[in-house]
Amino acid sequence: MILNDYLIFILITLIINAILCLSLNLVNGYMGEFSVGHAAFMALGAYSSAIITVKIAPTLPPLFLFPMAVLIGGATAALAGIPLAFLSFKTRGDYLAIITLAFLMIVKSGLENISYVGASRGFLGIPHLTNLPWTLFWGVVCFLCLRNFIYSKWGRCIMAIREDEIAAEAMGVATRSAKMMTFMISSFVAGVAGALFAHQLQFINPSSFDILKSTDILVMVYLGGVASLSGSLAGATIFTLLNQLLQPLGIWRMVVMPFLLVLLMLFRPRGIMGFREWSWVKIHRDRSDH
Amino acid sequence: MDYFAQQAINALQLGSIYALIALGYSLVYGVLTMINFAHGDLFMVGAFFCFLLEKMIRVPFWLALLLTMLGTSLLGVLLELCAYRPIRHAPRVSAMITALGCGLIIENITLALSPYPRHMPTLIKNSITSFHGITISSLQLVVIGISLLLMILLDFIIRFTRFGIAMRALSSDRLMVSLLGIPANRIISMTFALGAALGGAAGLLYALSYPVISSSMGMLIGWKAFVAAVIGGIGNIRGALLGAYLLGATEIITVSLLPSTYRDLVAYSLLLLVLVFKPYGILGQPQVVRS
């Protein structure tokens with residue numbers, strides 16, 4: 001077998017990273033807001049799915065239990081996205097970024113104080129349910145859903161919001177519904193990634209979902225390219241592989257990554273694939289259909 | 001009653017340190033309308049710089065304060081020159097990400113060089129004065145006193161010096177100021193120097209008050225000060241002070257009533273609460289959207 005355990009681990013990590021990156025790109029790239037709180041959605045997904053598999057229904061057969069746990073993880077995260085969407089009706093830009101930061105910190109320090117999920121010691125004993133086929137399945141599902149969303153009417157709405165919110169509203173774009181949907185979908189997808197993450201590592205603690213995790217996702221998005229699905233895939237791949245290749249550097253690896261980010265901002269602020277797509281990603285519509 | 005007075009002094013001490021850092025965030029935001037996420041790490045560097053000074057050459061307190069402020073302000077200027085100036089006209093998001101990246105670089109370099117928390121040596125002889133049952137240590141007096149002194153100095157600089165006037169002009173209209181022949185770049189550099197110097201002083205005072213320093217304090221304390229600046233209304237100097245003392249008081253009250261793990265939860269909930277009702281902070285003005 002060519003795929004040994006290490007390679008499988010890397011592949012699963014890569015797909016989880018790609019899911020996270022796609023999710024953040026929806027808000028930061030396509031809608032043009034700046035969220036630094038995506039680790040919070042991931043945390044909510046991870047914790048709620050772990051509660052399902054560890055506390056509530058540990059005896060169910062895994063084939064049924066795991067998809068249910070992942071879906072519940074995503075749904076919890078999506079519910080948490082609703083208040084953020086409401087706040088985004090009133091504020092934009094810097095202040096919305098701060099609100100997402102506050103949200104992240106509240107979720108993290110909230111989890112640190114709930115002893116039901118192990119408080120700051122972490123949540124132990126999560127079954128190892130994430131495997132390559134499941135991860136691949138969820139990765140493809142998330143990718144297809146996001147692609148269809150972006151090429152739908154709603155996708156055009158959020159891109160209009162990114163370019164000019166006031167003009168979009170004047171042209172009849174339902175900005176509130178569009179924002180609400182975007183936040184919910186994006187956080188749902190992040191929650192799915194969190195659930196996969198929890199059942200891969202079998203251990204989660206609140207500090208694995210801090211601002212550094214969010215920064216990692218940001219690096220992937222802006223490395224790969226904003227407003228680009230292909231870019232998200234590329235960014236997650238490069239980030240994950242680079243992270244492994246730079247292992248010998250030890251702590252200095254953590255200097256290289258942000259340094260790369262700064263260089264990228266200075267010389268290529270849109271990322272590698274910013275605002276472009278590989279052709280197989282695009283949905284081509286025949287105009288004569290209408 | 002004594003208990004409350006005692007806690008009030010603790011809150012004043014913590015709030016003063018927050019205020020010094022928050023001022024740095026606000027000064028830069030006022031001039032460049034950019035959130036300098038790396039500022040918290042300048043505060044951390046200030047603490048480590050002072051630690052190194054004391055380990056290598058034992059210098060008296062005053063000299064350490066001056067040298068630390070000088071050191072961090074140089075770093076602040078360097079940061080602006082290398083990272084922020086080239087992307088000044090790029091989209092705001094790029095600036096924000098660059099700042100976040102620079103903060104992480106500084107933090108992780110410190111982590112790589114000093115992986116363990118360090119213990120700060122004492123610089124001031126700590127004597128405790130009792131006054132009607134309220135105890136004040138000389139350290140607390142020094143922290144509060146120096147903070148107030150620096151704030152008064154800053155107020156004087158902003159109000160009366162040519163630099164301060166240019167800075168205020170710059171924050172109201174950057175383009176016009178350049179047309180009138182004011183060297184905008186030099187003023188921006190000086191603003192960074194000023195903010196970073198205050199941050200460095202805060203780092204020193206923090207290290208003296210709570211003498212364990214680590215590379216993550218930039219994130220823990222610096223971000224908290226950022227919260228303070230936002231609560232007050234970022235870009236607004238008085239707002240930064242108000243927010244800082246408000247946050248200091250809230251944290252001290254939280255710690256005295258609840259387990260200390262609730263500290264962050266309450267601080268960030270306060271931020272969220274303020275932003276829900278006053279989206280631009282208590283004293284902040286709405287941003288004018290220019291195309």
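Residues numbered from 1 in each chain as written. Chains lettered and ligands numbered in written order. Predicted model: local features only at pLDDT ≥ 70, side-chain atom pairs only at ≥ 80, totals over all residues.

Asker: I'd love a proper account of the overall build of chain B, names of residues and values included.
Answerer: If you tally the helices and strands in chain B, you get 11 helices and 4 strands. On C-alpha atoms alone, chain B measures out to a radius of gyration of 19 Å, which is about the 19 Å that the 2.2 N^0.38 rule sets for 291 residues. Dimensions of chain B, computed from the C-alpha atoms along their principal axes, are close to 60 × 45 × 40 Å. Counting all 291 residues of chain B, 49% fall into the buried class. In chain B, of all internal contacts separated by at least 6 residues, the share reaching a separation of at least 24 is 75%. (Helix = DSSP H or I, 4+ residues; strand = E, 2+ residues; numbered from the N terminus. Rg over C-alpha atoms; globule rule 2.2 N^0.38 Å. Buried ≥ 20, exposed ≤ 12 C-beta atoms within 10 Å, placed from the backbone. Contact = placed C-beta atoms within 7 Å.)

Asker: How would you summarise the overall build of chain A if you had to cite specific residues and measurements?
Answerer: When helices and strands are tallied, chain A shows 11 helices and 0 strands. Going from the N terminus to the C terminus, chain A shows its helices and strands as α-α-α-α-α-α-α-α-α-α-α. Its C-alpha atoms give chain A a radius of gyration of 19 Å, near enough to 19 Å, the size a compact globule of 290 residues would have. Summarising its shape, the C-alpha atoms of chain A cover approximately 50 × 40 × 40 Å along the three principal directions. Split into buried and exposed, the 290 residues of chain A put 51% on the buried side. Sequence separation of at least 24 residues holds for 82% of the intrachain contacts in chain A that already meet a minimum separation of 6.

Asker: Pulling in residues and values, what's your account of the interface of chain A and chain B?
Answerer: Counting from both sides, the interface comprises 33 residues of chain A and, opposite them, 36 residues of chain B. Contributions of two or more residues to the side of chain A that touches chain B are made by α3 (62-90), α4 (93-111), α9 (211-224) and α11 (253-267) of chain A. Sort the elements by how many residues they give to the side of chain A that touches chain B and α4 of chain A lands first, with 11 residues.

Asker: Run through the packing of helix α2 (residues 38-56) of chain A against α9 of chain A, naming residues and quoting values.
Answerer: Packed helix pairs are specified by the crossing angle of their axes together with the interaxial distance, meaning the distance between the axes. Residues and elements named next belong to chain A. At a closest axis distance of 7 Å, the pairing of α2 and α9 adopts a crossing angle of 115°. Classified by the angle their axes make, α2 and α9 are roughly perpendicular. The way α2 lies across α9 gives a crossing that is right-handed. Contacts between α2 and α9 involve H38, A39 and M42 on the former and, on the latter, K213, S214 and I217. (Axes fitted to C-alpha atoms, helices over the stretch in contact; angles between N-to-C directions. Parallel < 35°, antiparallel > 145°, perpendicular 65-115°, else oblique. Left-handed = near helix turned anticlockwise from the far one by under 90°.)

Asker: How would you summarise the nonpolar core if you had to cite specific residues and measurements?
Answerer: Ranked by internal contacts, the top residues of the largest apolar core, which has 197 residues, are I19 of chain A together with A22 of chain B. The biggest single contributor to this core is helix α8 (residues 184-209) of chain B, with 16 residues. The residues touching A22 of chain B, leaving out its near neighbours within four places in the chain, are A225, A228, A229, A240, G243 and A244 of chain B. (Core = buried A, V, L, I, M, F, W, Y, C linked by C-beta atoms within 7 Å.)

Asker: Run through helix α1 (residues 5-30) of chain A, naming residues and quoting values.
Answerer: Helical geometry note: an α-helix holds 3.6 residues per turn, so side chains three or four residues apart project in the same direction. All names here are of chain A. Between the first and last C-alpha of α1 there are 36 Å, a value that for 26 residues agrees with the 38 Å anticipated at 1.5 Å per step. The axis of α1 is deflected most strongly, by about 35°, at L24. Of all the 26 residues making up α1, 19 are buried; the element is thus mostly covered by neighbouring parts of the structure. (Expected span 1.5 Å × (residues − 1). Bend = angle between axes of the 7 residues up to and from the residue.)

Asker: Tell me about the packing of helix α6 (residues 153-163) of chain A against helix α8 (residues 175-201) of chain A, residues and numbers included.
Answerer: All names here are of chain A. Relative orientation of the contacting elements α6 and α8 amounts to 105°, with a least axis distance of 9 Å. With respect to each other, α6 and α8 are oriented roughly perpendicular. Within the contact between the two elements, α6 uses W154, C157, I158 and I161 and α8 uses T175, A178, M181 and T182. Tallied by class, the residues present in the contact of α6 with α8 amount to 6 nonpolar, 2 polar and no charged. (Nonpolar A, V, L, I, M, F, W, Y, C, P; charged D, E, K, R; others polar.)

Asker: Account for unusual backbone geometry, with residues named and values stated.
Answerer: Peptide bonds are trans in most cases, and residues, glycine excluded, mostly fall at negative phi. Residues and elements named next belong to chain A. Even without being glycine, Q202 reaches a positive phi, approximately 65°. Mapping Q202 onto the fold places it in the loop between α8 and α9. Judged by local crowding, Q202 falls into the partly exposed class, with 15 C-beta atoms found within 10 Å. Not every positive phi belongs to a glycine, and A227 is a case in point at roughly 50°. Along the chain, A227 turns up in the loop between α9 and α10 (229-245). Overall, A227 belongs to the buried group, with 25 C-beta atoms counted inside 10 Å.

Asker: Explain the pairing of strand β3 (residues 134-137) of chain B residue by residue, including any values.
Answerer: All names here are of chain B. Summarising the sheet, strand β2 (residues 128-131) and β3 pair through 4 bridges and their orientation is antiparallel. Residue pairing across strands places S130 opposite T135, the latter belonging to β3. Where β2 folds back onto β3 in an antiparallel hairpin, the turn is made up of 2 residues, including H132, whose phi is positive at roughly 50°. (Pairing = 2+ DSSP bridges.)

Asker: An account of the confidence of the model for chain A is needed here, citing residue identities and associated values.
Answerer: A low pLDDT means the predicted coordinates there should not be read in detail. Confidence along chain A averages 88 in pLDDT terms, with 97% of residues attaining 70 or more. Considering each helix and strand of chain A separately, the mean pLDDT is smallest for α11 of chain A, with a value of 85, and largest for α8 of chain A, with 94. (pLDDT = per-residue confidence, 0-100.)

Asker: Now, about the environment of I16 of chain A: what can you tell me, with residues and values included?
Answerer: All names here are of chain A. Assignment of secondary structure puts I16 in helix α1. Of the residues examined, I16 has 24 C-beta atoms within 10 Å and is grouped as buried. Once the C-alpha coordinates of I16 and G45 are considered, the two residues, 29 residues apart in sequence, prove to be 13 Å apart. Not counting residues up to four positions away in its chain, the partners in contact with I16 are T135, A193, L196 and F197.

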